[in-house]
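Analysis of the macromolecular model
These are the residues of each chain, in order.
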Amino acid sequence: GAGVSQSPSNKVTEKGKDVELRCDPISGHTALYWYRQSLGQGLEFLIYFQGNSAPDKSGLPSDRFSAERTGGSVSTLTIQRTQQEDSAVYLCASSHTSGIAKNIQYFGAGTRLSVL
Amino acid sequence: AQKITQTQPGMFVQEKEAVTLDCTYDTSDQSYGLFWYKQPSSGEMIFLIYQGSYDEQNATEGRYSLNFQKARKSANLVISASQLGDSAMYFCAMRGSKTSYDKVIFGPGTSLSVIP
């Protein structure tokens with residue numbers, strides 16, 4: 001498709017389980033971002049990829065969170081041993097990395113994670 | 001550290017009237033970018049407008065304009081001729097360029113309700 005695709009759209013899991021969230025960016029976009037949005041809150045930056053490398057991991061809340069990107073395309077955000085406070089919408093965005101276009105991030109519809 | 005402040009948690013405006021959503025920011029970067037995004041109740045994040053710190057003219061995109069006052073570190077969004085479809089959350093965001101990789105931070109958002 002033409003837009004940023006995230007899967008699953010909804011995920012319900014039990015406390016302590018691991019989850020994987022997937023993001024498929026717009027073709028040709030080398031920058032990829034993960035954000036977390038708790039209910040009624042703004043966006044919290046998690047991690048940024050430039051190609052396959054992640055120069056900025058400063059937003060990852062704990063070592064239970066990790067992310068990777070392969071082939072400069074699809075990215076996976078993994079949360080190990082989920083906790084109830086991990087419940088949120090996880091948003092992925094992609095953009096170009098040069099010129100004016102780098103300033104426009106295109107967002108996916110998000111994955112709504114619920115940890116019971 | 002960079003920070004975005006949006007002091008209006010909720011705003012109401014009459015249909016067809018103009019409305020200003022406030023945004024102030026804090027950064028030590030000399031070069032930075034400011035953005036506004038719209039998030040309707042459906043959840044998707046929609047890019048509205050961008051202003052570079054060195055741009056002399058205020059950015060405009062259709063009914064949206066950004067009132068950029070660099071000395072006051074404010075980047076207010078002005079929506080003219082409000083429409084019912086403008087009811088949404090609005091987020092102000094900023095990217096700095098101090099390092100080779102750019103991190104975008106978001107404000108807490110303002111909820112706008114357009115009254116018929």
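Here is a short report on the structure shown in this document. Everything numeric in this text was worked out from a predicted model, so none of it was measured.

Facing 15 residues of chain B, the contacting portion of chain A comprises 17 residues. At the boundary of chain B with chain A, total buried surface from both sides reaches about 1,600 Å², with 56% on carbon and sulfur atoms. If you look at where chain B meets chain A, you find zero salt bridges. Viewed at the interface, chain A and chain B are joined by three residue pairs in polar contact (both at pLDDT 80 or more). Elements supplying a minimum of two residues to the side of chain B that touches chain A: strand E5 (32-39), strand E6 (46-52), strand E10 (88-96) and strand E11 (104-106) of chain B.

This part is about the state of the cysteines. Applying the stated criterion across every chain yields a total of two disulfides over all chains. Each sulfur of the disulfide joining Cys23 of chain A and Cys92 of chain A lies 1.8 Å from the other. In this structure the cystine formed by Cys23 of chain A and Cys92 of chain A twists about its S-S bond by roughly -65°; its chirality is therefore left-handed. Residue Cys23 of chain A is located in strand E3 (residues 19-24), and its partner Cys92 of chain A is located in strand E9 (residues 88-95); the two are separated by 69 residues in the primary sequence. A residue is classified by how much of its surface remains accessible, and Cys23 of chain A, at 0% relative accessible area, is buried. Overall, the relative accessible area of 0% leaves Cys92 of chain A in the buried class. Paired through a disulfide, Cys23 of chain B and Cys92 of chain B show a sulfur-sulfur distance of 2.0 Å. On the S-S bond that ties Cys23 of chain B to Cys92 of chain B, the torsion sits near -65°, and the link is left-handed. Here Cys23 of chain B is found in the loop between strand E3 (19-21) and strand E4 (24-26), whereas its partner Cys92 of chain B is found in strand E10, with 69 residues between them in sequence.

What follows is about the pattern of salt bridges. Side chains that carry opposite charge are capable of pairing whenever their charged atoms lie near each other. Here the structure, examined in full by the defined rule, presents four salt bridges over all chains. Its salt-bridge partner being Glu44 of chain A, residue Arg36 of chain A comes within 3.0 Å of it at the nearest N-O pair. Notably, a salt bridge pairs Arg63 of chain B with Asp86 of chain B, separated by 2.8 Å at the nearest N-O pair. One end of the pair, Arg63 of chain B, is in the loop between strand E7 (60-61) and strand E8 (64-69); the other, Asp86 of chain B, is in the loop between strand E9 (74-79) and E10, with 23 residues separating them in the sequence. For Arg63 of chain B, a relative accessible area of 22% puts it in the partly exposed group.

Take the packing of aromatic side chains next. Applying the stated rule across the entire model yields 12 aromatic pairs over all chains. A centroid spacing of 6.1 Å and a plane angle of 10° characterise the contact between Tyr33 of chain A and Tyr35 of chain A, whose relative ring orientation is stacked. Here Tyr33 of chain A matches Tyr35 of chain A in class, with each residue buried. Ring centres 5.6 Å apart and planes at 50° place the aromatic pair Tyr37 of chain B and Phe106 of chain B in the tilted group. Remark: Phe106 of chain B occurs in strand E11 and Tyr37 of chain B occurs in strand E5; sequence separation between them is 69 residues. Across this residue pair, the class does not change: Tyr37 of chain B and Phe106 of chain B are buried. Put simply, the rings of Tyr33, Tyr35, Phe45, Tyr48 and Phe107 of chain A together with Phe35, Tyr37, Phe47, Tyr50 and Phe106 of chain B pair up and form one aromatic cluster. A cation over a ring is seen here: Arg63 of chain B above Tyr64 of chain B, with NZ or CZ 5.7 Å from the ring centre.

Let's shift gears to the sheet that holds E3 of chain A. What holds strands together in a sheet is hydrogen bonding between their backbones, with the strands either parallel or antiparallel. All names here are of chain A. The antiparallel open sheet is built from four strands, whose spatial order is E1-E3-E8-E7. A single partner strand is all that each edge strand has here, and the edge strands are strand E1 (5-7) and strand E7 (65-69). Strand-to-strand twist in this sheet, taken as the mean axis angle between neighbours without regard to direction, amounts to 15°. Two elements, E1 and E3, share three bridges in a ladder whose sense is antiparallel. Counted as the bridge partner of Ser7 is Arg22 from E3.

Rules behind the numbers
- Residues numbered from 1 in each chain as written.
- Chains lettered and ligands numbered in written order.
- Predicted model: local features only at pLDDT ≥ 70, side-chain atom pairs only at ≥ 80, totals over all residues.
- Heavy atoms only, no water.
- Contact = heavy atoms within 4.5 Å.
- Buried area = accessible area lost by both parts, 1.4 Å probe.
- Salt bridge = Lys/Arg side-chain N within 4 Å of Asp/Glu carboxyl O.
- Polar contact = N/O pair within 3.5 Å; in protein donor to acceptor, adjacent residues only side chain to side chain.
- Helix = DSSP H or I, 4+ residues; strand = E, 2+ residues; numbered from the N terminus.
- Disulfide = S-S within 2.5 Å.
- Buried < 20%, exposed > 50% of the residue type's maximum accessible area, 1.4 Å probe, protein only.
- Phe/Tyr/Trp six-rings, centres within 6.5 Å; stacked < 30°, edge-to-face > 60°.
- Lys NZ or Arg CZ within 6 Å of the ring centre and 35° of its normal.
- Pairing = 2+ DSSP bridges.
- Axes fitted to C-alpha atoms, helices over the stretch in contact; angles between N-to-C directions.

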